[in-house]
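Chains, contacts and geometry: an overview
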Amino acid sequence: MATTTILPMHMNKGRSLLQSLSARTDYVMNPDKTNERELISSYECEPATVDTDFLIAKQMYQRITGREPKQGKDVIAYQIRQAFYPGEITPEEANALGYKLAMEFTKGQHQFIVATHVDKAHVHNHIVFNSTTLDCTHKFNNYLRSSDDIRDISDRLCLEHGYSIIEEPAKKGKQYAEWNAEKSGTSWKEKLRNNIEEQIQGCKNYEQFLHRMELLGYEIKQGKYIAFRAPDQKKFTRAKTLGDEFTEEAICAKIAMQISVKKKKYKKTWSYDEPSIPQLIDLQKKIEEGKGTGYQRWAKIFNMKAMSKSLVEASNKGLHTIEDIAEFVQTLQDDFDVLSEQLKAEEAKLRDVKTLKSAIIEYGKTRDSYSKYRVSGKSKKFYEEHRSDIERHLNAKKVFDQFGIKKKVSIKDLNAQYEEIAANRKTIYERYKEKRTELQKWQTIQSNLESCFRRAEKQKHQALER
């Protein structure tokens, strides 16, 4: 019963690009949901540093194309959700199937991670792929039938591996005006759906969710039915008109589910906190885009608070000039890069241990068949009858040669080695997260103060010209 859907993930207002990426990927790779991150696979990126890996590709894209990301509009990544019938598939098989789906749909042109969640009755995958291509020259075009194509690929893979599918998934019709607005990216409903989905993630209560929506600029009307109005939107949109998943009761239920779901075997380690220093809004740019007076009032107050926090933080740290802050941020960046490389090295070690362990198991399972093949004088007839076992045995020997293994290695020793590396990786990751949060905060402070400094210099220059 594999079901699939694709969701665009946007850059949030008040957060930097890295903060937005971190919020999405941290949630998806929640250790409580992914068996302590054992059920995560990736392509052309490292799970531990996926947010910065995505960011590097986007920075290259900006340098190549000259296009800057737009908060609230720019799609930074896409998420594919794939769910399976309870009890029909193991988490490991689900992850492998999700990897095949992601690879086939993206054609290997986008970085992605596949996180398999086991916190509910049904095993399900969260596949997040970078909207920017590997060559950093263009972005993914979310075409009209993309969801249908994903479902077709998923269904075919499930049938090939003996899993059930939904033969005729229900489809909700929509008016032509709404369909056309969604296609052109101007639908208020579609934007509201995406924003609600994004802001629910990591919320501790309903009030925090409403506060996040207000930070995005939404005006909220609470009555019999809760309704939202985006800046410059003429009419309120009732949440219940977005679908059954977006009613006030459904939103509260999703938040409650996030809080109540606890794995007995694993201690909860994941959390996401709101950025302590919000990024300044480019008010002049927003005015040029046609933002109304209500939005302008809200943005001015927002910027004043953000600027005040930035100045207080810099002063408390003893940083009084732009140069001091730049030097401090560079130091944080250097420390962060070192931890990032250490994490990638530990991830590579874990992959090597897994590969070697699989090879040892395959070697043991196929040793008898290969011995009989040699006794037969490497008979072609025997080879054809036992092709699978013989090829698996030879592939296992290739792995041993690759790692320079000359004598027998026990699975027990490998398991102990894996646990030691995993523990070290966990320690490094905790330091990595702390350093990443600190770096994000000071990058925002640097951006805010530099923006204020440039504006002050511009005003001074204009005054001298007069």
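Quantities reported herein were computed from a predicted structural model and do not represent experimental measurements.

Below, the discussion takes up the packing of aromatic side chains. Geometry of an aromatic ring pair is reported as the spacing of the ring centres plus the angle between the planes. Under the criterion given, the structure shown has 19 aromatic pairs. Their ring planes at 25 degrees and their centres at 5.3 Å tell us that Y43 and F112 sit as a pair that is stacked. Residue Y43 is found in strand β2 (residues 40-43), and its partner F112 is found in strand β4 (residues 110-117); the two are separated by 69 residues along the sequence. Comparing Y43 with F112 shows no difference in burial state: the two are buried. Their ring planes at 50 degrees and their centres at 6.0 Å tell us that Y370 and Y373 sit as a pair that is tilted. Highlighted residues: Y370 and Y373, both in helix α11 (residues 322-375), separated by three residues, approximately one helical turn. Just as Y370 is buried, Y373 falls in that class too.

With that settled, the discussion passes to a positive patch on the surface. Among the surface-exposed residues, K221, K224, R238 and K240 lie close enough to one another that they form a single positively charged patch. Checked against the element boundaries, K224 lands in the loop between β6 (219-221) and β7 (227-229). Looking at K224, the relative accessible area reads 72%, which means it is exposed.

A cluster of nonpolar side chains, namely I56, M60 and I64, defines an oily patch on the protein surface of about 260 Å² accessible area. With respect to the secondary-structure elements, I64 resides in helix α2 (residues 50-65).

Looking now at helix α7 (residues 206-215). One turn of the α-helix equals 3.6 residues, which is why residues spaced by three or four share an orientation. Listed as buried for α7 are Y206, Q208, F209, L210, R212 and M213. Backbone nitrogen of E207 and a side-chain oxygen of the N-cap are separated by 3.3 Å at the start of α7; the cap is N205. Immediately downstream of α7, the backbone of G217 shows phi near 100 degrees, a positive value.

So, how was this worked out
Residues numbered from 1 in each chain as written. Predicted model: local features only at pLDDT ≥ 70, side-chain atom pairs only at ≥ 80, totals over all residues. Heavy atoms only, no water. Phe/Tyr/Trp six-rings, centres within 6.5 Å; stacked < 30°, edge-to-face > 60°. Helix = DSSP H or I, 4+ residues; strand = E, 2+ residues; numbered from the N terminus. Buried < 20%, exposed > 50% of the residue type's maximum accessible area, 1.4 Å probe, protein only. Patch = residues over 30% accessible without salt bridge, like charges linked within 9 Å, V, L, I, M, F, W, Y side chains within 5 Å. Areas by Shrake-Rupley, 256 points an atom, 1.4 Å probe, with all protein chains shown as cover. Salt bridge = Lys/Arg side-chain N within 4 Å of Asp/Glu carboxyl O. Lys, Arg positive; Asp, Glu negative; His and termini not counted. Charge placed at Lys NZ, Arg CZ, Asp CG, Glu CD. Polar contact = N/O pair within 3.5 Å; in protein donor to acceptor, adjacent residues only side chain to side chain.

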